[in-house]
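Survey of secondary and tertiary structure
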Amino acid sequence: MEKFVVQGGASLRGEVTIGGAKNAVVAIIPATVLAKDRCVIENIPNISDVTNLFHILEGMGATIRILNKTTVEIDTTHLVEPTVTYEMARQMRASYYFLGSLLGRCNEASVSMPGGCDFGVRPIDQHIKGFEALGANVTIDGGMINAKADLLLGSHIYFDVVSVGATINVMLAAVKAKGLTILENVAKEPHIVDLANFLNSMGADIRGAGTDVIKIHGVDILHGTTYSIIPDQIEAGTYMVAAAATYGDVLIKNVIPKHLESITDKLVKSGAEVIEYDDSIRVRREAPIEKVNIKTMPHPGFPTDMQPQMTAMLTMAQGTSIVTEGVWDNRMRYTDELKRMGAKIQVDGKVAVVEGVPSLSGAPVKATDLRAGAALLIAGLMAQGTTYIEDIHYIERGYENIVDKLVALGADIEKIDVVEGAMAKAL
Ligand code: EPU
């Protein structure tokens, strides 16, 4: 079993370069099937979610050519079947974006119910509502979601909840629907805008991405394109918090500071110094960590995907912080792991009361999901002694080369492979 072993105590110092955004690339790769053509995608992060999506595409008959470390050519000219099976889909939630894109391309799609991180119930009713409004018949049978339409027709859709996934999935189908589609109460995350820009570069006609209302004039044909993915807001935010949590001084390069404003604001309130440049941001801390209250909200609110990392930092704040999860029903499970390291946290439903302690101590812990894993890494860096983190596959789903990047910043961390209780092989 692979683990991360972290020796706490180092302050992170130096420079780190952020990769392409996971939650943009996991929508843009499925979107390539909308063109019977070649797309060149640049700034692709080296994460396991991307590798899984490539396997799904290859299974459908697409060809993938790696042009360099971060650039890939995807040729979707020939697809065999508009189907994503359970074996292909179970690893990751974003496999369900093939529903929208295959529906757009073939007027039909069959995709296994998705897997992904477990934050409680993860309904897809808003995706289905959107597909049905465009004229598709949607059924769920044997664990597969099947969507089929004679003709996709533009429609006016008001989402009952703000959903990143539903906004993306319905956009993917609507770009090929006949006539005008108006989507209201949509998500405004940077990756929604990135997907719209990508689709427009393929010949789509999408306006308003980044606001509450998106208008899409359907087109008959989309063509191949060359496109560079935006930097990952959450990877950048994670290194920002890691720098501030370890009393470090880190220049985080290849970022869009505007996307980081809600994180910057909370870090400054916690007593860290944050300096913005055009496409980089520097975070350093000398003053003690101050308590901060946080409530996660859809963009431009504080991102839920930064909640666990920020909570990890606040475990050693002066005073008591209140952290409220405003997006997911069950995203506080990782706090039990932080408590194993000496954190004082009381959880009541979606609210965590975090009472700062003077020190954490290293312990064996488990990543319960991707961002929970990042929080444990940060806690491990802050703690005295050694932290062993299990289930690191969650972390590798979304953070590229995280060990190398942290080591370059002065962290003492390694990945090991433990065989039958013995630490057999340092990787
Ligand atoms: N919801 C519904 N019905 C739906 C869809 C969503 O009620 O049909 C609810 C959900 O239960 C949740 C809320 O709406 O309470 C928001 O869910 P959303 O659909 O926005 O989440 P998602 O698309 O499944 C994406 C990210 C998550 C991130 C959320 C919120 C991807 C692949 N995943 O999930 O990212 O937490 O948006 O910003 O884009 C991560 O990167 O670690 C991660 C989990």
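Being a predicted model, the structure only gives us computed values, none of them experimental.

A short note on the overall build of the protein chain
Counting its secondary structure elements, the protein chain contains 14 helices and 25 strands. A compact globule built from 427 residues should have a C-alpha radius of gyration of about 22 Å, and the protein chain, at 22 Å, falls within 12% of that. Seen through its principal axes, the protein chain has C-alpha atoms that stretch 65 × 45 × 45 Å. Sequence-distant contacts in the protein chain: of pairs separated by 6 or more residues, those separated by 24 or more amount to 73%.

What to know about the environment of isoleucine 263
Tracing the chain through its elements places isoleucine 263 in helix H9 (residues 261–269). For the pair isoleucine 263 and glutamine 233, spaced 30 residues apart in sequence, the C-alpha to C-alpha distance is 9.7 Å. Ignoring anything within four residues of it in the chain, the contact list for isoleucine 263 reads Gln233, Gly237, Met240, Phe302, Pro303, Met306 and Met310.

Re the state of the cysteines
Taken as a whole and assessed by the stated rule, the structure comprises zero disulfides. Left unpaired, cysteine 39 is separated from the closest cysteine sulfur, that of cysteine 106, by 15 Å. We classify cysteine 106 as partly exposed; its relative accessible area is 33%.

Quick look at the UniProt feature "binding site: phosphoenolpyruvate" (unreviewed entry) in the protein chain
Per the UniProt record, the feature "binding site: phosphoenolpyruvate" (unreviewed entry) sits at Lys22 and Asn23. Positionally, lysine 22 belongs in helix H1 (residues 22–31). Each residue touching lysine 22, except ones within four places of it in the same chain, is listed here: Ile47, Asp49, Asp232, Leu370, Arg371, Arg397 and Gly398. A distance of 2.8 Å separates the side chain of lysine 22 from the side chain of asparagine 23, its partner in a polar contact. Secondary-structure assignment places asparagine 23 in helix H1.

Regarding the side chain of serine 262
Residue position: serine 262 is located in helix H9. We classify serine 262 as buried; its relative accessible area is 17%. Apart from residues no more than four positions distant in its own chain, serine 262 is found in contact with Pro300, Gly301, Phe302 and Pro303.

Quick look at helix H7 (residues 190–201)
Here H7 contains 12 residues, and its C-alpha end-to-end distance of 17 Å stays within 8% of the 16 Å for a straight helix at 1.5 Å per residue. When H7 is considered as a whole, its buried residues turn out to be Pro190, His191, Ile192, Asp194, Leu195, Ala196, Phe198 and Leu199. Among the residues trailing H7, glycine 203 stands out with phi positive, at a value near 110 degrees.

Let's talk about the domain arrangement of the protein chain
Considered domain by domain, the protein chain is made up of domain 1 (2–18 + 233–426) and domain 2 (22–228). A C-alpha centroid distance of 30 Å is found between domain 1 and domain 2. The partner domain 2 presents 19 residues to the 22 residues of domain 1 that form the contact. Roughly 1700 Å² of surface becomes buried between domain 1 and domain 2 when both sides are summed, with 52% attributable to carbon and sulfur atoms. For the domain 1 face of the interface with domain 2, the top three residues by lost area are His299, Trp328 and Arg397, together amounting to 38%. In this structure, the connection of domain 1 to domain 2 is made through one salt bridge. Where arginine 397 meets aspartate 49, a salt bridge forms, and the shortest distance between an N and an O atom there is 3.0 Å.

Some details on the site of the ligand
Neighbouring the ligand are 25 residues; Ser163, Val164, Gly165, Asp305 and Val327 lie closest to it. In the model, an oxygen atom of the ligand is placed 3.0 Å from a nitrogen or oxygen of the arginine 122 side chain. Surface burial for the ligand is 89%, taken as the share of its 820 Å² of free accessible area covered by protein chains.

Points about the UniProt feature "binding site: UDP-N-acetyl-alpha-D-glucosamine" (unreviewed entry) in the protein chain
Sites flagged by UniProt as "binding site: UDP-N-acetyl-alpha-D-glucosamine" (unreviewed entry) map to Arg93, Arg122, Pro123, Ile124, Asp125, Gln126, Asp305 and Val327. With respect to the element layout, arginine 93 can be found in the loop between helix H3 (86–89) and helix H4 (97–106). Counting through the fold element by element, aspartate 305 comes out in the loop between strand E18 (294–295) and helix H10 (307–314). On the accessibility criterion, aspartate 305 (17% relative accessible area) is buried. Residues contacting aspartate 305, with those up to four places away along its chain left out, are Asn23, Ile234, Arg331 and Arg371.

Section: the pattern of salt bridges
Inspection of the entire model under this criterion finds 20 salt bridges. Ionic pairing is found between glutamate 235 and lysine 405, a salt bridge with its closest N-O pair at 2.7 Å. With a gap of 170 residues between them, glutamate 235 in helix H8 (residues 233–245) and lysine 405 in helix H14 (residues 402–408) connect regions that are remote in the sequence. One salt-bridge network, held together by shared partners, links Glu2, Glu396 and Lys415.

Some words on the sheet that holds strand E16 (residues 273–276)
Across the sheet, four strands lie side by side as E2-E15-E17-E16; this open sheet has mixed pairing. Two strands lie at the open edges of the sheet, namely strand E2 (13–17) and E16, each paired on one side alone. Taking each pair of neighbouring strands and ignoring which way they run, the sheet shows an average axis angle of 15 degrees. Here strand E15 (residues 249–253) runs beside strand E17 (residues 280–284); their pairing, made up of five bridges, is antiparallel. Its bridge partner lying in E17, isoleucine 252 is registered against isoleucine 281. The strands touched by H9 are E16 and E17; relative to E16, the strand with the most contacts, the crossing angle is about 145 degrees.

Calculation rules
Throughout, residues of each chain are indexed from 1 in the direction in which the sequence is written. Two thresholds apply to this predicted model, a pLDDT of at least 70 for residue-level local features and 80 or more for giving and counting side-chain atom pairs, whereas whole-chain, interface and lining totals are computed over all residues. Calculation of side-chain values draws on the structure's entire complement of heavy atoms; hydrogens and water are dropped beforehand. Secondary structure is summarised from DSSP: a helix means a run of H or I of at least four residues, a strand means a run of E of at least two, and numbering begins at the N terminus for each. With the radius of gyration taken over C-alpha atoms, the globule rule is written as 2.2 Å times the number of residues to the power 0.38. By the convention used here, residues are in contact when the closest approach between their heavy atoms is within 4.5 Å. Cysteine sulfur pairs qualify as disulfides if the two atoms are within 2.5 Å. Here's how the labels work: a residue is buried when its accessible area is under 20% of the maximum for its type, exposed when over 50%, partly exposed in between, all with a 1.4 Å probe on protein chains only. UniProt positions are given in the numbering used here, feature names are shortened, and annotations may be inferred rather than shown by experiment. Contacts described as polar in this section are N or O atom pairs within 3.5 Å, which, within protein, must combine one atom able to donate a hydrogen with one able to accept it, while residues neighboring in sequence count only if both atoms come from side chains. Helix span, expected: 1.5 Å multiplied by one less than the number of residues in the helix. Where a domain begins and ends is set by an automatic assignment or by a domain database. Two parts placed together each lose some accessible area; with a 1.4 Å probe, that loss summed over both constitutes the buried area. For this document, the term salt bridge refers to a Lys or Arg side-chain nitrogen within 4 Å of an Asp or Glu carboxyl oxygen. Residues are counted as near a molecule or strand when any one of their heavy atoms sits within 4 Å of it. Accessible surface is estimated by sampling points in the Shrake-Rupley manner with a 1.4 Å probe; for residues, cover comes only from the protein chains shown. A pair of strands is considered paired only if DSSP assigns at least 2 bridges between the two. Throughout, an axis means a line fitted to C-alpha atoms (over the contacting stretch in the case of helices), and angles, computed between N-to-C directions, take values from 0 to 180 degrees.

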